[in-house]
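Understanding the architecture of this molecule
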Amino acid sequence: MIDTHSARRAIGGLLLATGERPAPAELALAGDRMSALGWPPLGDGDLVRETPETLAPRIPNPLRADLLPLLYELAGDEPIRRRIADAYAHLWHGEPEAPAAPRRGSAVTRWLIGPLPHHQVGGTSEEDRMLERGTPYRGGEVAAPQSAERTPLRRRVERIHEEYRRVIAAVEQVIVGKRDVIERVLTAMAARGHVLLVDAPGVGKTQLCKAIACAIATRFGRIQFTPDLLPMDVTGANVFDVRDKQFHFRPGPIFTHILLADEINRATPKTQSALLEVMEERSVTVDGVTHGVEEPFQVLATMNPLDHQGTYALPAAQIDRFMMMLEIGYPTPDDEVKILDYHLGATSPLATLQPVISRTSFIDWRDTVPHIHVTPEIKRTAVDYVHGLRRASDGGPSISPRATLAWVRAAQARAMLSGREFVTVEDLLQIAPDVLRHRIWSDGAGVRERLRAIAIAGAR
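Okay, so let's go over this structure. These numbers come from a predicted model, not from an experiment.

Quick word on the overall build of the chain
Scanning the chain from terminus to terminus reveals 22 helices and 11 strands. Expressed as a percentage of its 460 residues, the buried residues of the chain come to 50%. When contacts within the chain are restricted to residue pairs at least 6 apart in sequence, long-range pairs at least 24 apart make up 76% of them. Summing over all exposed atoms, the chain offers an accessible surface of approximately 21600 Å²; the carbon and sulfur share of this is 54%.

Okay, here's the thing in structure tokens:
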């Protein structure tokens, strides 16, 4: 007897993909088809949101031939559900499979559904209008099932996913055994977020930042923060030129693409505050004149533990401007042997590392993230969690609306880099410890425990 538990969870996740509980008619249809296959009906434990990447390998091979047509039948021509079915087809067979006969909703149904929400500010681009014309949300007929499979957004996400894998492979030539850290840093960078790396000296924080900058064809700058560093040493200053008797602005090291703020908490609070404006506004004001920085601008800061001698606590306003706080940790014994093999040679791996994507491609990563679909229920879930954390703060550090936005935006970036055009609850929960821990002064395990307690309280 083959266990159908994972297959039933795949069906339940597909039905929940639109952010609402499945209609009784959809549950009845699923029950009839599963009964015909001899499978048990869906239970409450099957109605969960798990990604195809998690479930597909666990579904036995004999069930896949029957499950895939059923997924496509239940998906119909609903875009998000079809993309989930396509994901299973791609993971099992390498390409999406077309359904037997696509359904076309009535004009009244399409009018009631309305347009997909836009997660961006300003007008829509020509590509956005193409995306809307290719979905059943805009009325009229859908020309062919392939229009939902290979939309311009789908092609962009597939290309970005492949570029993302190439960047990770390049960085792993220098940073050994820390793939999860590399993935999280790139996720924050794609979401336009700054990253704070907190750990003991010598674990590879600086090497990680340099390797990422080398893998992406961007300018790299470094500031070594020390107690005698002045704000003008960071931002630049107006310098008097004796030849033409005028002041000219001399840009500081902050005018770069990827800035490594090394040991940021060894500088005084006044110097640290010089970063506040540029981290938020992407511009620097010197003597009343505002100077913009070129995109992409990214701060990757390293910080030593506060119990180390010669460190200063970062202002709360600056801490909140970092999207993520990460730890690298010590390598395993086997990985440390590989580090010796890589770095004891005559040439450092960092010196031979070549860019694998262009600056334009990386900017496209950041421009694509706002197009990743977030359902109203996902937004409500994030806000409910945040309000639960605020109620439990007891007057201590709490979570700002900026943090809520950063959390959902990071989830969009994680979904995009995973090859999906939509966010799941798993994206939120996986990224939560990195985004929330430094805002409530807790560790990753503490954040997970608080979120679990809020979820249990909300279910009562």
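There is more to say after this.
Here we look at the side chain of Asp320
Here Asp320 shows up in helix α15 (residues 316-320). A polar atom in the side chain of Asp320 sits 3.1 Å from the side chain of Ser400.

Quick word on the sheet that holds strand β6 (residues 258-262)
Read from one edge of the open sheet, 5 strands run β3-β6-β9-β1-β10, paired in parallel fashion. Looking at strand neighbours, the two that pair on one side only are β3 (220-224) and β10 (322-326), the edges of this open sheet. Across this sheet, the average inter-strand angle for adjacent strands is 20 degrees, counted without regard to direction. Examined bridge by bridge, β3 and β6 share 5 bridges and lie parallel to one another.

Describing helix α21 (residues 425-436)
Here α21 spans 16 Å end to end across 12 residues, near enough to the 16 Å set by a 1.5 Å rise per residue. Most of α21 sits out of view: 9 of its 12 residues are buried. Buried residues of α21: Val425, Asp427, Leu428, Ile431, Ala432, Pro433, Asp434, Val435 and Leu436, and no others.

Some words on the packing of helix α2 (residues 24-36) against helix α4 (residues 61-75)
One way to put it is that α2 packs onto α4 with a least axis distance of 11 Å and a crossing angle of 160 degrees. If you check the angle between α2 and α4, you find them roughly antiparallel. The two elements α2 and α4 meet at a crossing, and its hand is right-handed. Along the contact surface, α2 presents Glu26, Leu29, Ala30, Arg33 and Met34, while α4 presents Leu70, Glu73 and Leu74.

Some remarks on the packing of aromatic side chains
Counted by the stated rule, this structure contains 6 aromatic pairs. Ring centres of Tyr164 and Trp365 lie 6.3 Å apart, and the angle between their planes is 70 degrees; on these two criteria the pair is classed as edge-to-face. With Tyr164 in helix α9 (residues 152-171) and Trp365 in helix α18 (residues 359-368), this pair connects stretches of sequence that are 201 residues apart. Joined through ring pairs, the aromatic side chains of Tyr164, Phe362 and Trp365 make up one cluster. A cation over a ring is seen here: Arg420 above Phe422, with NZ or CZ 5.7 Å from the ring centre.

Some points on empty space enclosed by the protein
The tally for this structure, following the rule as stated, stands at 3 cavities of 30 Å³ or more. Here the second largest cavity defines a volume of roughly 140 Å³. Along its surface, the second largest cavity is lined by 16 residues, and Gly13, Ala17, Arg49, Ile84 and Thr424 are the ones closest to its centre. Considered class by class, the residues forming the lining of the second largest cavity number 9 nonpolar, 5 polar and 2 charged.

What counts, and where the lines are drawn
Residues numbered from 1 in each chain as written. Predicted model: local features only at pLDDT ≥ 70, side-chain atom pairs only at ≥ 80, totals over all residues. Heavy atoms only, no water. Helix = DSSP H or I, 4+ residues; strand = E, 2+ residues; numbered from the N terminus. Buried < 20%, exposed > 50% of the residue type's maximum accessible area, 1.4 Å probe, protein only. Contact = heavy atoms within 4.5 Å. Areas by Shrake-Rupley, 256 points an atom, 1.4 Å probe, with all protein chains shown as cover. Polar contact = N/O pair within 3.5 Å; in protein donor to acceptor, adjacent residues only side chain to side chain. Pairing = 2+ DSSP bridges. Axes fitted to C-alpha atoms, helices over the stretch in contact; angles between N-to-C directions. Expected span 1.5 Å × (residues − 1). Parallel < 35°, antiparallel > 145°, perpendicular 65-115°, else oblique. Left-handed = near helix turned anticlockwise from the far one by under 90°. Phe/Tyr/Trp six-rings, centres within 6.5 Å; stacked < 30°, edge-to-face > 60°. Lys NZ or Arg CZ within 6 Å of the ring centre and 35° of its normal. 1 Å grid on protein atoms, 1.4 Å probe; cavity = no way out; pocket = protein on both sides within 12 Å on 5 of 7 lines; lining within 4 Å. Points joined across faces, edges and corners; volume = space filled by probe spheres on them. Nonpolar A, V, L, I, M, F, W, Y, C, P; charged D, E, K, R; others polar.

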